[in-house]
Amino acid sequence: MSEVLDRVAGKWAIGILIAAAKGPVRFSELERGVTGISRRMLTLNLRKLEREGLLVRTVYPTVPPKVEYTCTDMALELCETLLGLVDWAKRHGADIAQAHAAYDAAQEARPSVTAAL
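Predicted model only: the values in this text are computed from it and were never measured.

(A) Quick peek at the overall build of the protein. Secondary structure summary: the protein contains six helices and three strands in total. Helices (α) and strands (β) of the protein occur, in sequence order from the N terminus, as α-α-β-α-α-β-β-α-α. Taking 117 residues into account, the globule formula puts the C-alpha radius of gyration at 13 Å, and the protein, at 20 Å, lies well above it. In terms of its C-alpha atoms, the protein occupies a principal-axis envelope of roughly 70 × 30 × 25 Å. Taking all 117 residues of the protein together, 26% fall into the buried category. In the protein, of all internal contacts separated by at least 6 residues, the share reaching a separation of at least 24 is 49%. Separation between the mean location of the 15 positive side-chain charges and that of the 14 negative ones in the protein comes to 8 Å.

(B) Fine view of unusual backbone geometry. The peptide bond linking Val63 to Pro64 adopts the cis configuration, its omega dihedral lying at -5°. Along the chain, the position of Pro64 falls in the loop between strand S2 (55–60) and strand S3 (66–71).

(C) Spatial organisation of the layout of surface pockets. Roughly 260 Å³ of volume is contained in the largest pocket. Around the largest pocket sit 14 residues that line it, and Gly15, Ile18, Ala19, Gly33 and Val34 are the ones nearest its centre. Taken together, the elements giving at least two residues each to the lining of the largest pocket come down to helix H2 (11–20) and helix H3 (27–33). The greatest single-element share of the lining of the largest pocket, amounting to five residues, is contributed by H2. Of the residues in the lining of the largest pocket, the class split is seven nonpolar, four polar and three charged.

(D) Highlighting helix H5 (residues 73–109). Between its first and last C-alpha, H5 extends 52 Å over 37 residues, near the 54 Å set by a 1.5 Å rise per residue. In the structure, H5 departs most strongly from a straight axis at His92, where the bend amounts to approximately 55°. Looking at the buried positions of H5, the neighbouring elements they touch are H2 and S3.

(E) Region of interest: the pairing of S3. Across two bridges, strand S1 (residues 25–26) lies against S3 in antiparallel orientation. Across the sheet, the residue bridging to Val25 is Tyr69, located in S3. Note: S2 against S3, six bridges, orientation antiparallel. Pairing of Val59 across the sheet is with Val67, part of S3. Where S2 folds back on S3, the antiparallel hairpin that results is connected by five residues.

What counts and how
Residues numbered from 1 in each chain as written. Predicted model: local features only at pLDDT ≥ 70, side-chain atom pairs only at ≥ 80, totals over all residues. Heavy atoms only, no water. Helix = DSSP H or I, 4+ residues; strand = E, 2+ residues; numbered from the N terminus. Rg over C-alpha atoms; globule rule 2.2 N^0.38 Å. Buried < 20%, exposed > 50% of the residue type's maximum accessible area, 1.4 Å probe, protein only. Contact = heavy atoms within 4.5 Å. Lys, Arg positive; Asp, Glu negative; His and termini not counted. Charge placed at Lys NZ, Arg CZ, Asp CG, Glu CD. 1 Å grid on protein atoms, 1.4 Å probe; cavity = no way out; pocket = protein on both sides within 12 Å on 5 of 7 lines; lining within 4 Å. Points joined across faces, edges and corners; volume = space filled by probe spheres on them. Nonpolar A, V, L, I, M, F, W, Y, C, P; charged D, E, K, R; others polar. Expected span 1.5 Å × (residues − 1). Bend = angle between axes of the 7 residues up to and from the residue. Pairing = 2+ DSSP bridges.

Pasting the structure below:
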């Protein structure tokens, strides 16, 4: 189970799947839509998601070649869950940042273990 989750819930995979869930999407659209991803990482992740059965790559015989990526039914089902996760992260991002700040402040206030020795 964890092996499957590692493959489909990576940093870039989530953004790619959510972008592709809106319908057939081209490489350049994904490159613009997934903030911070390099062309190489996008290519590697597209291949991985295609191998996992989550994306279908369609090449049209045109000049230059036109390539589109479409989510499979399995990926669309996964996207529903991913969108819930993204929504949760948006709602609780500030709470998590506040918890980090409180934790870090508490750690700084604690006497150092090495200083006590």
